[in-house]
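# Architecture at a glance
Read off the chains here:
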Amino acid sequence: MPLLADKTAIVTGGSSGIGRAIALKFAAKGANVVIADTVEQPIEGGDSTVELIHSAGGDAVYIRTDISDWSAVDALVGATVAQFGRLDVLVNNAAIYTSTNLIETTPEQWSRVISVNLTGFFCCSKRAVMQMLIQSPVNEVRGRIINISSQHGMVACPGDFPYSVSKGGIVQMTRQIAVDHADDLIVCNAIAPGKIITGKPGVANDPDALDYSRHRTPWPRLGTPNDVAGAALFLASDMASYVTGINLMVDGGWMAG
Ligand SMILES: NC(=O)c1ccc[n+]([C@@H]2O[C@H](COP(=O)([O-])OP(=O)(O)OC[C@H]3O[C@@H](n4cnc5c(N)ncnc54)[C@H](O)[C@@H]3O)[C@@H](O)[C@H]2O)c1
């Protein structure tokens, strides 16, 4: 049996980058995958995630969703359950950044980052837990939440104030959900990627940013979306038993240095 046979997963921000790799990995391991993103076309180009999954014989659907909008998230989980019967795994992955320090950040930039990176994770987690509470456990677990945090939720992200603060909040949100809903048999973990090369726009892939990351990363290469997808597969599967409330670093040793 594939590791995620009969499981249904929502991956936010699954059209591009890390979320796309997680969605492809989950589908390859037998999961029905719902891609929740504001756009369907991948930032890095190529076929959409749903097209790739379908051509490999998997089951996936795209539902246009802005995770900061409660009614859109409510509809997303409703549509997922209507189509696939339950929700086993939520991957909270979609996030944005501004590359602005405290002084440079406008109130509008602050509000937008917090509304996606924290309120969006809150809306998706709350709605997913509402669903998980009314489904029966399978192998002791009613449902699993995986939050994509960052090494920059534990150490400062130079020059990116709202992003780093939001990622610190996500690490704590993970612990809070894990503790409050352990009795409900709902599992919640985070993954903290180090520097992962994706196609996202902005300064993330500037030569200086890459030099800084290479300097900080002991492993002799930077990360790939697939590195994060492997950790997500573990945390989504029954292999991860009695593991809840952790923040699993996939960072090439960044945080060990
Ligand atoms: N790439 C890295 O080096 C790195 C490092 C640490 C953590 N992370 C985290 O990994 C996650 C994915 O990063 P990435 O590099 O793949 O980013 P990306 O920009 O390549 O992809 C993000 C996806 O999220 C979608 N999205 C943005 N706002 C949304 C919204 N409001 N609602 C729904 N979807 C929305 C985008 O359309 C895009 O498809 C993020 O949480 C990011 O903070 C990335």
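Predicted, not measured: the structure shown is a model, and the values here were computed from it.

Reading the values: rules and limits
Residues numbered from 1 in each chain as written. Predicted model: local features only at pLDDT ≥ 70, side-chain atom pairs only at ≥ 80, totals over all residues. Heavy atoms only, no water. Helix = DSSP H or I, 4+ residues; strand = E, 2+ residues; numbered from the N terminus. Rg over C-alpha atoms; globule rule 2.2 N^0.38 Å. Buried < 20%, exposed > 50% of the residue type's maximum accessible area, 1.4 Å probe, protein only. Contact = heavy atoms within 4.5 Å. Areas by Shrake-Rupley, 256 points an atom, 1.4 Å probe, with all protein chains shown as cover. Lys, Arg positive; Asp, Glu negative; His and termini not counted. Charge placed at Lys NZ, Arg CZ, Asp CG, Glu CD. Salt bridge = Lys/Arg side-chain N within 4 Å of Asp/Glu carboxyl O.

Attention shifts here to the overall build of the chain. Regarding its fold elements, the chain presents seven helices and seven strands. Going from the N terminus to the C terminus, the chain shows its helices and strands as β-α-β-α-β-α-β-α-β-α-β-α-α-β. Over its C-alpha atoms the chain spans a radius of gyration of 17 Å, differing by no more than 12% from the 18 Å that the globule rule assigns to 257 residues. Its C-alpha atoms give the chain principal-axis dimensions of about 45 × 40 × 35 Å. Within the chain, the proportion of its 257 residues that are buried is 50%. Restricting the contact set of the chain to residue pairs at least 6 apart, pairs at least 24 apart contribute 75%. Total accessible area computed for the chain in this model is approximately 11400 Å², and 57% of it derives from carbon and sulfur atoms. Counting 18 positive and 24 negative side-chain charges, the chain places the centres of these two groups 4 Å from one another.

With that settled, consider the pattern of salt bridges. In this structure the tally under the stated criterion is eight salt bridges. Residue Lys7 is joined to Asp238 by a salt bridge in which the shortest nitrogen-to-oxygen separation is 3.8 Å. Taken together, the residues span a long stretch of sequence, with Lys7 in the segment before β1 (8–12) and Asp238 in the loop between α7 (225–236) and β7 (247–250) at a distance of 231 residues. For Lys7, a relative accessible area of 11% gives the class buried. According to the relative accessible area criterion, Asp238 is partly exposed, its value standing at 31%. Residues participating in the shared-partner salt-bridge network are Lys7, Arg144 and Asp238.

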